[in-house]
Amino acid sequence: MHVKEIEINWTPDLSVYASENFLKAVGDEYGWLGGYGESEELCCILPYTVVCKSVVRMVRFRVETIVVGEKLEINEEREFLSGVVDYFRSVKTDMIIPATTNTIFRTYPAGAVVAPYGSFIIDLTQPEDVLWNNLHSKHRNVIRNATKKGVEIREGVEYLDLAHGIIRDTLLRSKLSFISREELRRFIESLQGSAKVFVAFHEGLPQGCAVIPYSQYSAYYLYGGTIASPLTGATNLLQWEAIKTFHSLGVRRYDFVGVRINPERGSKQEGLAMFKQRFGGKLVQGFMWKYPLNPVKSAIYSLGVRLLRGGDIVDIEKHKMQALREET
């Protein structure tokens, strides 16, 4: 398996996160890498971005390996990812940082720092009544109650500023920051119509929101938030209406974008995982990983992230790899 830069040739059958519009919006440099087997036929693709901070060049993947053709064996993908690491070393990037949380790799290259991660994904090719029946009974009950109480779900980019405020305030309650209103607007505009904004209202007051990029391949619950005390069932109804919307558009998957594997009992992460699981999606489990290419700059990055946030997602979750190895 050898790796080389290839021309971007995006279609809606691929993830929106592989599109040139998206990659250009989130990276200082971007492109696609292709993996070629012994037959010299393209086997797989990995879109990438390079984010430059001062003198540090950091690679970040926004979607997992895209298989071209019928099948790519795990060992072939591992060989491809090792070639990807060699490629970025050859072009003098400093590190591969953890991918975005929608990006679940099946495997990882030798020498990577790794953590297990997953996402709940709903198959939208099923009939709507099947999707409804797949919801947990508690979700169905609170959705019915929210509907009876007059919760209304509105959709449109005109609600983007309102959604930004809700998401920002939600993160502030957890002492986290969010991108500026202008940055969010530029990002959504860069997708050229491939994103929807949903807001739940009750008696004219917003309760929660969701910002969801999509293509025919998948919709991604990228950003979401609620007011401090939303009406019970409002966010459940919002998600259900979003699922129905993308189902009606012929989108094939609804991705809840990231869940920790075996979260601590009683933790916020466990509650979030349960909320997502009860919409009837399948847990797709894989890995997030990072790779130091320049030892000094990578160490500085890791120290800075540890001081600012207690570490990145791989640092926080990597201890679970030992338990995973013991299980297998």
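Residues numbered from 1 in each chain as written. Predicted model: local features only at pLDDT ≥ 70, side-chain atom pairs only at ≥ 80, totals over all residues. Heavy atoms only, no water.

Caption draft 1: Focus on the overall build of the chain. Tallying secondary structure elements over the chain gives eleven helices and 14 strands in all. For 328 residues, the compact-globule estimate of 2.2 N^0.38 gives 20 Å, and the C-alpha radius of gyration of the chain, at 20 Å, lies within 12% of that figure. Principal-axis analysis of the C-alpha atoms places the extent of the chain at approximately 60 × 45 × 45 Å. In the chain, which comprises 328 residues, the share counted as buried stands at 49%. Sequence-distant contacts, at least 24 apart, represent 72% of the contacts inside the chain between residues at least 6 apart. Put simply, the chain shows about 16100 Å² of open surface, and 51% of that area lies on carbon and sulfur atoms. Where the 40 positive side-chain charges of the chain centre and where its 38 negative ones centre are 8 Å apart. (Helix = DSSP H or I, 4+ residues; strand = E, 2+ residues; numbered from the N terminus. Rg over C-alpha atoms; globule rule 2.2 N^0.38 Å. Buried < 20%, exposed > 50% of the residue type's maximum accessible area, 1.4 Å probe, protein only. Contact = heavy atoms within 4.5 Å. Areas by Shrake-Rupley, 256 points an atom, 1.4 Å probe, with all protein chains shown as cover. Lys, Arg positive; Asp, Glu negative; His and termini not counted. Charge placed at Lys NZ, Arg CZ, Asp CG, Glu CD.)

Caption draft 2: Quick peek at the pattern of salt bridges. Taken as a whole and judged by the stated rule, the model has 18 salt bridges. Overlapping salt bridges bring together K290, D312, D315 and K318 as one network. (Salt bridge = Lys/Arg side-chain N within 4 Å of Asp/Glu carboxyl O.)

Caption draft 3: Fine view of the environment of R278. In this structure, R278 sits in the loop between helix 8 (268-277) and strand 14 (282-292). Remark: the alpha-carbon pair of R278 and R173, spanning 105 residues in sequence, is separated by 25 Å. Residues within four places of R278 in sequence aside, it is in contact with N134, L135, H136, K138 and H139.

Caption draft 4: Highlighting helix 2 (residues 74-90). Here helix 2 spans 24 Å end to end across 17 residues, near enough to the 24 Å set by a 1.5 Å rise per residue. When we look at burial in helix 2, the residues that qualify are E77, F80, L81, G83, V84, V85, Y87 and F88. Along its buried surface, helix 2 packs onto strand 1 (2-6), strand 2 (29-36), strand 3 (42-53), strand 4 (56-60), strand 6 (95-96) and strand 14. Looking at the residues trailing helix 2, positive phi occurs at K92, about 65 degrees. (Expected span 1.5 Å × (residues − 1).)

Caption draft 5: Local environment of the sheet that holds strand 9 (residues 195-202). Spatially, four strands are ordered 8-9-10-12 in an open sheet, and the strand pairing comes out antiparallel. The open sheet has two edge strands with one neighbour each: strand 8 (152-155) and strand 12 (223-226). Looking at each pair of strands side by side, their axes are set apart by 15 degrees on average, direction ignored. Across four bridges, the pairing between strand 8 and strand 9 is antiparallel. Bridged to E152 within strand 9 is F201. (Pairing = 2+ DSSP bridges. Axes fitted to C-alpha atoms, helices over the stretch in contact; angles between N-to-C directions.)

Caption draft 6: The arrangement of the pairing of strand 14 in detail. Two strands pair when backbone bridges link them, and strand 6 and strand 14 are joined in this way by two bridges, in the antiparallel orientation. Residue pairing for strand 14: M95 is matched across the bridge by P292. Two elements, strand 7 (residues 113-123) and strand 14, share nine bridges in a ladder whose sense is antiparallel. Note that in strand 14 the partner of S119 across the bridge is V284.

Caption draft 7: How the structure looks around the side chain of R140. Within the fold, R140 resides in helix 4 (residues 137-148). Buried charge R140 goes without a salt bridge, the closest partner of opposite sign being D129 at 12 Å. Not counting the four nearest positions on each side in its chain, R140 is found in contact with W132, N133 and L135.

Caption draft 8: Highlighting the packing of aromatic side chains. Applying the stated criterion across every chain yields a total of 20 aromatic pairs. Here Y17 and Y220 contribute two aromatic rings whose centre-to-centre distance is 4.5 Å and whose plane-to-plane angle is 40 degrees, an arrangement assigned as tilted. One end of the pair, Y17, is in the loop between strand 1 and helix 1 (20-26); the other, Y220, is in strand 11 (residues 219-220), and 203 residues separate them in sequence. These aromatic residues form a ring-pair network of at least three members: F198, Y214, Y221, F246, Y254, F256, F275 and F279. If you follow K4 out to its NZ or CZ, it ends over the ring of Y36, 4.8 Å from the centre. (Phe/Tyr/Trp six-rings, centres within 6.5 Å; stacked < 30°, edge-to-face > 60°. Lys NZ or Arg CZ within 6 Å of the ring centre and 35° of its normal.)

Caption draft 9: Here's a closer look at the packing of helix 4 against helix 7 (residues 234-248). Interhelical geometry of helix 4 versus helix 7 gives an angle of 100 degrees and a closest axis separation of 8 Å. Taken together, the axes of helix 4 and helix 7 lie roughly perpendicular to each other. Contact residues: helix 4 offers H139, V142, I143, A146 and T147, while helix 7 offers A234, N236, L237 and W240. In terms of residue class, the contact of helix 4 with helix 7 is built from six nonpolar, three polar and no charged. (Parallel < 35°, antiparallel > 145°, perpendicular 65-115°, else oblique. Nonpolar A, V, L, I, M, F, W, Y, C, P; charged D, E, K, R; others polar.)

Caption draft 10: Structural context of helix 4. Counted at 1.5 Å a residue, the expected span for helix 4 with its twelve residues is 16 Å, and the 17 Å between its end C-alpha atoms agrees. All of the buried residues along helix 4 are H139, R140, I143 and A146. Looking down the long axis of helix 4, one finds its buried residues gathered within 130 degrees of arc, a one-sided arrangement. Of the residues flanking the end of helix 4, it is G150, one or two places downstream, whose phi is positive at about 90 degrees. (Arc of directions from axis to C-beta.)

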